[in-house]
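If you want the building blocks of each chain, they are given just below.
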Amino acid sequence: MNKIALITGATSGIGRAVAEAFADLNYKLILCGRRTGRLDEVRSALSARTEVTTLQFDVRDRAAVESAILSLPAEWQSVSVLVNNAGNAHGLAPIQEGSVDDWDQMIDGNVQGLLYVSKAVIPGMVERRSGHIVNVSSIAGKQTYANGTVYCASKAAVEAISEGMRLDLTQHGIKVTNIAPGAVETEFSMVRFKGDEERAGKVYQGFDPLKASDIADAIVYAVTAPANVHIADITILAAAQASATTIVKS
Ligand code: 8X3
C-alpha cells in the first residue's frame, strides 16, 4: 500500500515542490492550503501521477485544522509523513516600528499553526509506532538578523519544537527532521514585502538563489534514508550565501 504524506502550504513554493517530489515517490498526497482555487489546480496537476486529496484550511484556525484533519476518511488517516511547511514572513522592520498584526500572523502561522497540525496528526503516528515529521524552519531560526526579530523568533521556535518533538517521539518510532533553508526564490519575499515586486525582486538579484526543488530534494533525502538513519537537521544555503545576511552578490 502506498504511503501517505500530508503537506501544509502545498499550493506554492517549497510545499508545492515537496508535493511534486512525493508524487514521484508514489506517495498518496493530502495537500493542505488556504486557497481553494490553487488547491484544485495542484490537485489536477498531480492526480495523473498519484492519488491526491485536498484540505482547505488556514493553519492559524485551530478549529478548522482539527475538523479538517480529524474528518479525513479512514483510508486517508494513516499519515506516514507530515511536512509542516506552511509559514511566512510578514514585514521587515526594526522592533520599534514593527506591525503587531504582522507579528500575530507570524507567531500564529509559523508556530501555533505548526503545533495545531502536528497535534492532529501525531496521535495516529504514536498509535502505529511509525511516522516522520519534517518541520520547515529557516536559517533565520538559527541566526537572528536586524529587522527580522519576530520572524526569526518564530523560526527559532520551530527549531525548539523540532528538537522537543524528537526527544518525545523517538521512543515511539517517529523520526523528526528540521530543515533550515537560506535564500530560496519563491513567493516568500513578495509576501514579506506585501506585494512590492521591486523590493522582493532585489532579494534574489546578483546571485543564484536556491530553488524550492532544492529543498524538496533534501526532504526526500531525509524521508527516504534507511530505517537506521535519523536525519535530525539540515541547513541549506545558496552557494553564494555564507550566513542569513552574508550573500556574495555580483
Ligand atoms: C527565509 C530565509 O534569511 O530570508 O526563511 O529569512 S531569510
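Predicted model, so just to flag it, every value in this text is computed and none were measured.

Undergrad: Explanation requested: the nonpolar core in the structure shown.
TA: Here is a general trend for soluble globular proteins: nonpolar side chains tend to be buried in one another's company. In terms of nonpolar packing, the biggest core is built from 40 residues, with Phe-22, Leu-29, Leu-31 and Ile-219 touching the most fellow members. Mapped by element, the contributors of at least two residues to this core are β1 (4-7), α1 (13-24), β2 (28-33), α2 (36-46), β4 (79-84), β5 (131-136), α8 (212-223) and β7 (233-236). Considering every element that reaches this core, the biggest residue donor is α8, with 8 residues. Leave out the neighbours within four places in its chain, and Leu-29 touches Ala-5, Ile-7, Ala-19, Phe-22, Ala-23, Leu-46, Thr-50, Glu-51, Val-52, Thr-53 and Trp-76. In terms of nonpolar packing, the next biggest core, distinct from the first, is built from 29 residues, Leu-6, Trp-76, Val-117 and Val-158 among them.

Undergrad: How should the site of the ligand be read in this particular structure?
TA: The ligand sits among Ser-138, Ile-139, Ala-140, Tyr-145, Tyr-151, Gly-182 and Phe-188. Contact between the ligand and Ser-138: an oxygen atom at 2.6 Å from a side-chain N or O atom of the residue. Between an oxygen atom of the ligand and a side-chain N or O atom of Tyr-151, the distance comes to 2.6 Å. Across the shell around the ligand, the residue classes break down as 5 nonpolar, 2 polar and no charged.

Undergrad: Honestly, empty space enclosed by the protein in this entry has me stumped. Any pointers?
TA: In this approach the atoms are scanned with a rolling probe the size of a water molecule, which exposes any empty space left behind. In total, this model carries 1 cavity of 30 Å³ or more according to the counting rule given. Size it by volume and the largest cavity reaches roughly 30 Å³. The wall of the largest cavity is formed by Thr-8, Val-59, Asn-84, Ala-86, Gly-109, Gly-113, Leu-114 and Val-117. In terms of residues, the lining of the largest cavity owes the most to one element, helix α4 (residues 100-128), which gives 4 residues. A breakdown of the residues in the lining of the largest cavity according to their chemical character gives 4 nonpolar, 4 polar and no charged.

Undergrad: What exactly am I supposed to notice about the sheet that holds strand β6 (residues 174-181) here?
TA: Backbone hydrogen bonds hold the strands of a sheet together, and the pairing may be parallel or antiparallel. Pairing in this open sheet of 7 strands is parallel, and the strands run β3-β2-β1-β4-β5-β6-β7 from one edge to the other. The open sheet is flanked by β3 (52-56) and β7, the only strands paired with a single partner. The average undirected angle you get between the axes of adjacent strands in this sheet is 15°. Pairing geometry for β2 and β3, over 5 bridges, is parallel. Bridged to Leu-29 within β3 is Val-52. Across the sheet, α2 touches β2 and β3, and the angle it forms with β3 is around 170°.

Undergrad: Where do I start with unusual backbone geometry in this structure?
TA: Positive phi values are uncommon outside glycine, yet Arg-129 reaches one of about 55°. Within the secondary structure layout, Arg-129 lies in the loop between α4 and β5. At Asn-147, a residue that is not glycine, the phi angle is positive and equals roughly 75°. Of note, Asn-147 is situated in the loop between β5 and α5 (149-169).

Undergrad: Just checking my understanding: could you explain the pattern of salt bridges for this structure?
TA: Should the charged atoms of two oppositely charged side chains come close, the side chains can pair. This structure, assessed with the given rule, holds 13 salt bridges. In this structure, Asp-24 engages Arg-49 in a salt bridge whose closest nitrogen and oxygen atoms are separated by 2.8 Å. You can see Asp-24 sitting in helix α1 and its partner Arg-49 sitting in the loop between α2 and β3, a full 25 residues away along the chain. One salt-bridge network, in which partners are shared between bridges, spans Arg-16, Glu-20, Asp-24, Glu-41 and Arg-49.

Rules behind the numbers
Residues numbered from 1 in each chain as written. Predicted model: local features only at pLDDT ≥ 70, side-chain atom pairs only at ≥ 80, totals over all residues. Heavy atoms only, no water. Core = buried A, V, L, I, M, F, W, Y, C linked by side-chain atoms within 4.5 Å. Buried < 20%, exposed > 50% of the residue type's maximum accessible area, 1.4 Å probe, protein only. Helix = DSSP H or I, 4+ residues; strand = E, 2+ residues; numbered from the N terminus. Contact = heavy atoms within 4.5 Å. Near = heavy atom within 4 Å. Polar contact = N/O pair within 3.5 Å; in protein donor to acceptor, adjacent residues only side chain to side chain. Nonpolar A, V, L, I, M, F, W, Y, C, P; charged D, E, K, R; others polar. 1 Å grid on protein atoms, 1.4 Å probe; cavity = no way out; pocket = protein on both sides within 12 Å on 5 of 7 lines; lining within 4 Å. Points joined across faces, edges and corners; volume = space filled by probe spheres on them. Pairing = 2+ DSSP bridges. Axes fitted to C-alpha atoms, helices over the stretch in contact; angles between N-to-C directions. Salt bridge = Lys/Arg side-chain N within 4 Å of Asp/Glu carboxyl O.

Read these as geometric descriptors, not functional statements.
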